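One letter stands for each residue in the lines below.
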Amino acid sequence: MGYGSDNEEAGERLPLATNEGTGWRDSGRTQPYNVMMSFITMTLCFSLNHGTVTAVIPLATAQFGEQLGDFSLGILYVFYTLTALLGSTVIVEHLQHKWSLVLGCGVYSLYVAGMFLGVVTHDALRWFFVMIGSTFGGIAAGFLWTAQGGYFANAAKIHARYKGISVQQANSYLGGIFATLYLAFELIMKLLSSLILVFVCGSHWEGDIITGSCGSDSSSSGSDIAPGMSNITAPASGSDSSFDSDHLKFEGVVWTYAVFSVIAVASSIGMAMITPIKPFDDSGKPIVAEKRPWYRKALVATELARNQPKIILVGIINIAFGFTSAYLNSYVTGTVIKDGLGKDKIGYFVSIIPLVATIMSMPLSKLNEFTGSKTPAMVFGMICFLTFGLVFLITDLTSSSVPDKLGKWGTLIPLFICFGCARAVWEGPNKAIIADMFKNDSEAAFANIILQLGTTSSIAFITYRFMSSLTKEFIVVTACSLAIVGHFAGVGIHKAQLAAEPVGDVEAAE
């Protein structure tokens, strides 16, 4: 048994069988290939769709100013959390995974479209489109990740069944593929926004692709993440805009939102091409959903948390990720980098995280396979989160100025690499271990991830602006420390449940 094993090396191999109950009509000989192709198609469409949203969020914050930008993000997080709490499992159970993914990507596209319409309008109409888009974006995110988690878990079961490997091995392998593509497209979409602006500005572009700007950036306000695109409004009609940098910036922003809107819609259409995968148990029989009143379906995530406390314990990493990410975005990029190196350098650092996470995703999957357990990878990721927070906490306690002490290339680059490693663990092994523990309750389990992250992000978003950096750092370090303890406690409960149940009785064990 490997270090920190959570019974994964002893994970049962599902017997080879026919396609009954899986939703596939092709022969068993081609089953693994078709499952993998459909899973990769889902991952590509999901990553493209979500990548446009993650790229638009910092642009929207820059474009609409602090008041509207912050308020729109608040609305996004509120509806994200409420949907995860009250509606995600109802929607997924009613539409099933495929059509929930299609609908989720389609509604997510309305967020991008809302930001696009907000750019080309003004005043009350701008507020209307931005707030409507944020509302739809939050609702979509609230059930989209639940549907993705369910589709992922069912695809892993079929892959394991027809490859003759354990479900835990399949979860780890597919989790590595998903995390790699998802993080890669997050980085690509962020770089694409800069490429579009470079193309529009042409010879007027000054600086490099990541931190440059379209002509002289005279704006004194705006985002630290989207230089060259800050708070630009449509130029007055009739103005000579041939060499007007503000006009070129505005044109670049409009083209960026337009291209992202097309990509978001196209990925939604592409999602309709995937094959539905019906949930089935370890014997290959279809799982028939229990008939329950709608209000019980709505609260299935909280019901799982009440009946299975291990979802709370292993989920503390989601809380730690929420607090740490909010700290990075609100203080590290907004104060430490800006004051230590300059606002124009922030683009380099925010690109490090998805780049490192993409590179690390498949090696982490191989580590899981080599050790027979996801615990080593999980501990590595949580230590990375903890190290990131501890460095800032210790510096804040011992130095009069954190930006002066840490705002340097030699210290910030290793710290952002550390955060990128932690992000890779959170996207890959973290979600795979949830699929391991709750194979027959994947929707409720993944809804808990959304609920934990969404609630934490909402709290941090509202309260961090009123806190000192030292208070934020204590919160981050405490959450990351509890995540390590919670992981071992949750895995311990899971192993005890497995030992107490008959072999193969996974539903009872979980």
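Residues numbered from 1 in each chain as written. Predicted model: local features only at pLDDT ≥ 70, side-chain atom pairs only at ≥ 80, totals over all residues. Heavy atoms only, no water.

Undergrad: Mind laying out the nonpolar core, listing which residues take part and the relevant values?
TA: Within soluble globular proteins, side chains that are nonpolar tend to cluster in buried spots. Counting 125 residues, the largest nonpolar core has Phe46, Leu101, Met271, Phe392, Phe416 and Ile434 as the members making the most contacts within it. The dominant element in this core, judged by the number of residues it contributes, is helix H1 (residues 31–86), at 18 residues. Leave out the neighbours within four places in its chain, and Phe392 touches Tyr327, Val332, Val336, Val402, Leu406, Leu412, Leu415 and Glu473. Grouped together as the second largest cluster of nonpolar side chains are five residues, Cys201, Trp205, Cys214 and Leu248 included. (Core = buried A, V, L, I, M, F, W, Y, C linked by side-chain atoms within 4.5 Å. Buried < 20%, exposed > 50% of the residue type's maximum accessible area, 1.4 Å probe, protein only. Helix = DSSP H or I, 4+ residues; strand = E, 2+ residues; numbered from the N terminus. Contact = heavy atoms within 4.5 Å.)

Undergrad: Break down helix H4 (residues 167–201) for me, citing the residues and quoting the values.
TA: Look at H4: 51 Å from first C-alpha to last across 35 residues, which is about the 51 Å you get at 1.5 Å a residue. Of all 35 residues making up H4, 25 are buried, and the element is well covered by its neighbours. Looking one or two places after H4, you find Gly202, whose phi comes out positive at around 60 degrees. (Expected span 1.5 Å × (residues − 1).)

Undergrad: Please set out the packing of aromatic side chains residue by residue, giving values where relevant.
TA: A complete count under the given rule lists 20 aromatic pairs for this structure. Summarising the aromatic geometry, the rings of Phe388 and Phe392 are spaced 5.2 Å apart at their centres and angled 55 degrees between planes, so their arrangement reads as tilted. Here Phe388 and its partner Phe392 are both found in helix H11 (residues 375–398), four residues apart, which amounts to about one turn of the helix. The residues Phe388 and Phe392 share a single accessibility class, namely buried. A network of ring pairs unites the aromatic residues Phe321, Tyr327, Tyr331, Tyr348, Phe349, Phe385, Phe388, Phe392, Trp409, Phe416, Phe419 and Trp426 as a single cluster. The ring of Phe438 is capped by Lys310, whose NZ or CZ atom sits 5.0 Å from the centre of that ring. (Phe/Tyr/Trp six-rings, centres within 6.5 Å; stacked < 30°, edge-to-face > 60°. Lys NZ or Arg CZ within 6 Å of the ring centre and 35° of its normal.)

Undergrad: Give a description of the environment of Tyr257 that names residues and reports values.
TA: Take Tyr257: it is sitting in helix H5 (residues 245–271). A relative accessible area of 1% places Tyr257 in the buried class. Expressed as a C-alpha distance, the spacing of Tyr257 and Ser193, which sit 64 residues apart in the sequence, is 8.6 Å.

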